[in-house]
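# Working through the structure, step by step
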Amino acid sequence: METLSKTFTIGDTLEVNRIGLGTMRATTGAGSWGEPADRQAVIKLIRKAYELGVNFFDTADAYGPGCSELILAEAIEPFKKQVIVGTKGGSVKYAPGKMFASGKPGYLKTTVEASLRRLNIETIDLYQLDHVDPEVPIEESVWMLACLKKQGKIREIGLSNIKPDQLRLAQGITRIASVQNSLSIANQTHLKLAQICATDNIAFIAYCPTGMFDGEKSATYQQKASEMGITLPQLSLFWLLKKSPNIIPIPGTSSEKHLQENLAVWEMIPSFMNQATLK
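Worth saying up front: this structure is predicted, and the values here are computed from it rather than measured.

From N to C terminus, the protein chain includes 11 helices and 12 strands. Radius of gyration (C-alpha) of the protein chain: 18 Å, near the 19 Å computed for a compact globule of 279 residues. On the principal axes, the C-alpha backbone points of the protein chain span a range of 55 × 40 × 35 Å. Put simply, the protein chain has 279 residues, and 53% of those count as buried. Of all intrachain contacts in the protein chain linking residues separated by at least 6 positions in sequence, the fraction that spans at least 24 positions is 74%. Of the roughly 12,300 Å² of accessible surface on the protein chain, 51% is carried by carbon and sulfur atoms. Across the protein chain, 30 positive and 28 negative side-chain charges occur, with their mean positions spaced 1 Å apart.

Structurally, serine 244 can be placed in the loop between α9 (232-243) and β12 (247-249). Leaving out residues up to four positions away in the same chain, serine 244 has contacts with Arg18 and Ala198.

This next bit is on the pattern of salt bridges. Following the criterion strictly, the structure yields 12 salt bridges and no others. The closest approach of N and O atoms between arginine 168 and aspartate 200, which form a salt bridge, is 2.6 Å. Of this pair, arginine 168 sits in helix α6 (residues 164-171) while aspartate 200 is found in the loop between α7 (191-199) and β11 (203-207), placing the two residues 32 residues apart along the sequence. Residue class for arginine 168 comes out partly exposed when judged on its relative accessible area of 45%. Its relative accessible area of 31% is what places aspartate 200 among the partly exposed residues. If you follow the salt bridges from partner to partner, you end up with Glu35, Arg39 and Glu74 in one network.

Let us look at the pairing of β11. Consecutive residues of a regular strand have side chains that alternate between opposite faces of the sheet. Burial analysis of β11 places four of its five residues in the buried class, the great majority of the element. Sheet topology note: the strand β10 (residues 178-182)/β11 ladder contains five bridges and is parallel. Following the sheet pairing, serine 182 is matched in β11 by tyrosine 207. As for the winding sense of the linkage, the β-α-β connection from β10 through α7 to β11 is right-handed. Judged from the three bridges that link them, β11 and β12 form a sheet pairing that is parallel.

The next thing to look at is helix α3 (residues 67-76). Among the 10 residues in α3, eight count as buried, and that is most of the element. Residues Cys67, Ser68, Glu69, Ile71, Leu72, Ala73, Ala75 and Ile76 constitute the buried set of α3. Looking at the buried positions of α3, the neighbouring elements they touch are α1 (24-27), α2 (39-51), β4 (56-58), β5 (84-89) and α4 (105-119).

Let's shift gears to the packing of α9 against helix α11 (residues 265-272). Running from N to C, α9 and α11 point in directions that differ by 70 degrees, and their axes come no closer than 11 Å. By the angle class used here, α9 and α11 are roughly perpendicular. Of α11, the residues touching α9 (which contributes Gln234, Leu237, Phe238 and Leu241) are Val265, Trp266, Met268, Ile269 and Phe272. Here the residues of the contact of α9 with α11 are counted per class, giving eight nonpolar, one polar and no charged.

Let's shift gears to the packing of α6 against α7. Relative to each other, α6 and α7 sit at 25 degrees, their axes nearing to 10 Å. By the criterion of interaxial angle, the relationship of α6 to α7 is roughly parallel. Judged by residue contacts, Pro164, Leu167 and Arg168 of α6 engage Leu193, Ile196 and Cys197 from α7. Class assignment of the residues belonging to the contact of α6 with α7 gives a composition of five nonpolar, no polar and one charged.

Moving on, we get to the layout of surface pockets. Over the atoms rolls a probe the size of a water molecule, and its path tells where empty space is left. A volume near 590 Å³ is recorded for the largest pocket. As for the largest pocket, its lining consists of 26 residues, and the residues nearest its centre are Met24, Arg25, Tyr207, Cys208 and Gly252. Among the elements of the structure, α1 and α10 (256-263) are those that each provide at least two residues to the lining of the largest pocket. Looking at which element gives the most residues to the lining of the largest pocket, the answer is α10, with three residues. A breakdown of the residues in the lining of the largest pocket according to their chemical character gives nine nonpolar, 12 polar and five charged. Space inside the second largest pocket adds up to approximately 240 Å³. In this structure, the second largest pocket is lined by 13 residues; those nearest its centre are Lys80, Val83, Ile121, Thr123 and Asp125. Classifying every residue of the lining of the second largest pocket gives six nonpolar, two polar and five charged.

Parameters and conventions
Residues numbered from 1 in each chain as written. Predicted model: local features only at pLDDT ≥ 70, side-chain atom pairs only at ≥ 80, totals over all residues. Heavy atoms only, no water. Helix = DSSP H or I, 4+ residues; strand = E, 2+ residues; numbered from the N terminus. Rg over C-alpha atoms; globule rule 2.2 N^0.38 Å. Buried < 20%, exposed > 50% of the residue type's maximum accessible area, 1.4 Å probe, protein only. Contact = heavy atoms within 4.5 Å. Areas by Shrake-Rupley, 256 points an atom, 1.4 Å probe, with all protein chains shown as cover. Lys, Arg positive; Asp, Glu negative; His and termini not counted. Charge placed at Lys NZ, Arg CZ, Asp CG, Glu CD. Salt bridge = Lys/Arg side-chain N within 4 Å of Asp/Glu carboxyl O. Pairing = 2+ DSSP bridges. Right-handed = clockwise from strand over helix to strand, strands pointing away. Axes fitted to C-alpha atoms, helices over the stretch in contact; angles between N-to-C directions. Parallel < 35°, antiparallel > 145°, perpendicular 65-115°, else oblique. Nonpolar A, V, L, I, M, F, W, Y, C, P; charged D, E, K, R; others polar. 1 Å grid on protein atoms, 1.4 Å probe; cavity = no way out; pocket = protein on both sides within 12 Å on 5 of 7 lines; lining within 4 Å. Points joined across faces, edges and corners; volume = space filled by probe spheres on them.

Structure below.
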């Protein structure tokens, strides 16, 4: 019987369980702006995720801005040496739901230093360029991240919200360990990029892995999920885990119930493997 790998190693040393936790939704207010309504409830949720086996947590300096990294740092403090944190920089949040890209080398140096302070760590496990700045060649942005890696401030370098040609340009500067783009069973826009990443043994971190359902597609997938006795989000997570071993979904939630449902997919997989191929 076919089996699915439960882990993937990002770069050389960052072995993560293949369902992480995206923290944007839980750790910020409306429009990813400011603090969440109940900070302690969020800390409890993050710690529950760790108890349930999550060892990879995704955040960004633009979430809040800054709030998400601070809350995550507080939540994981009791076990921070047992988990892997991925954060991002290169986007400036200036109002609820509003941001712009800033990939200038000097700015990225400043953002890395700020993230290190907020996360209360000496080295960032995984640092990803959040968006490519249209005014700055990606090679310049990535060059600065490579310099910071040599200084020991970053362990692995990744990219987010990119296209295949941008990945190739970045790879000409340094090793790229991860790509983080949206991907779900209902939104397969970046599936080809995920497959390119698999060829190069690059982690593909899938954000919005349980969303993007609408119209006719939603009805089709809902029928399939019902036949399998699972929820739509569980169907999408199963599809992602089965599609390629380098795909790491990072569903975000502020609900412990949904957190448990997402992670329960691993227990259900043996009974799913005989199902018809999902497209």
